[in-house]
Amino acid sequence: MNSADVIVVGAGPTGLALACELALAGVRCRVLERRAEEPNITRAFAVHARTLELLDARGMADDVLLRGVRIDSVAPVPGASLELEILDSRYPM
């Protein structure tokens, strides 16, 4: 087994993005994932503003936006809503 400077635990979107950024910076990393099989569900049902900002830094946000559905507000519980358009971001959604 090769040595690594950093161990990334979890091969979900965040772990894989981190591993890619580390590799681009020349850091040797190893990704550890507990699951042996691909799940039939996902917990990642949305791409948030900060995620789009990070993808934009790598020139990938526009492709994601072309395939997604823009949501400008959410109602996490009955009677409450959050207007995402107020976010201080290039991607207020």
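Calculation rules
Residues numbered from 1 in each chain as written. Predicted model: local features only at pLDDT ≥ 70, side-chain atom pairs only at ≥ 80, totals over all residues. Heavy atoms only, no water. Helix = DSSP H or I, 4+ residues; strand = E, 2+ residues; numbered from the N terminus. Rg over C-alpha atoms; globule rule 2.2 N^0.38 Å. Buried < 20%, exposed > 50% of the residue type's maximum accessible area, 1.4 Å probe, protein only. Contact = heavy atoms within 4.5 Å. Salt bridge = Lys/Arg side-chain N within 4 Å of Asp/Glu carboxyl O. Pairing = 2+ DSSP bridges. Right-handed = clockwise from strand over helix to strand, strands pointing away. Expected span 1.5 Å × (residues − 1). Arc of directions from axis to C-beta.

Q: Sorry if this is basic, but what is going on with the overall build of the protein chain here?
A: Secondary structure summary: the protein chain contains three helices and four strands in total. Listed N to C, the secondary structure of the protein chain is β-α-β-α-α-β-β in terms of helices and strands. For 93 residues, the compact-globule formula gives about 12 Å, and the C-alpha radius of gyration of the protein chain, at 17 Å, lies well above that figure. Here the C-alpha coordinates of the protein chain stretch approximately 55 × 30 × 20 Å along the principal axes. Looking at the 93 residues of the protein chain, the share that counts as buried comes to 14%. Partitioning the contacts of the protein chain with sequence separation of at least 6, the portion at a separation of at least 24 is 33%.

Q: Is there a simple way to think about the pattern of salt bridges in this case?
A: A full pass over the atoms with the stated rule returns six salt bridges. For Arg-58, the salt bridge is made with Glu-21, and the minimal N-O distance between the two is 2.8 Å. Note that Arg-58 is positioned in the loop between α2 (49-57) and α3 (61-67) and Glu-21 in helix α1 (residues 13-24), a separation of 37 residues in sequence. Judged by its relative accessible area of 44%, Arg-58 is partly exposed. Taking relative accessible area as the criterion, Glu-21 reaches 36% and is therefore assigned partly exposed. One salt bridge in this structure joins Asp-56 and Arg-90, with 2.7 Å as the shortest N-O distance. Within this pair, whereas Asp-56 is found in helix α2, its partner Arg-90 is found in the segment after β4 (82-83), the two being separated by 34 residues in sequence. For Arg-90, a relative accessible area of 55% translates into the label exposed.

Q: Help me understand the environment of Asn-2 in this model?
A: Looking at the secondary structure, you find Asn-2 in the segment before β1 (6-9). A sequence separation of 27 residues divides Asn-2 from Cys-29, and the C-alpha atoms of the two residues are 9.5 Å apart.

Q: Would you take a moment to explain the pairing of strand β2 (residues 29-32) for this structure?
A: Looking along a regular strand, one sees side chains alternate from face to face of the sheet. One ladder, built from four bridges, connects β1 with β2; its direction is parallel. Counted as the bridge partner of Val-9 is Leu-32 from β2. Traced from β1 through α1 to β2, the parallel crossover comes out right-handed.

Q: Looking at this structure, how should I read α1?
A: Given 3.6 residues per helical turn, the α-helix brings residues three or four places apart onto the same face. For α1, built from 12 residues, the straight-helix expectation of 16 Å at 1.5 Å per residue is met to within 8% by its first-to-last C-alpha distance of 16 Å. Turning to α1, its buried residues number three or more, namely Gly-15, Ala-19 and Leu-22. Within α1, the buried residues cover an arc of 65 degrees as seen down the axis, which keeps them to one side. Turned more than 90 degrees away from the buried face of α1, the exposed residues are Pro-13, Thr-14 and Leu-24. Of the surrounding secondary structure, the elements contacted by the buried residues of α1 are β1 and β2.

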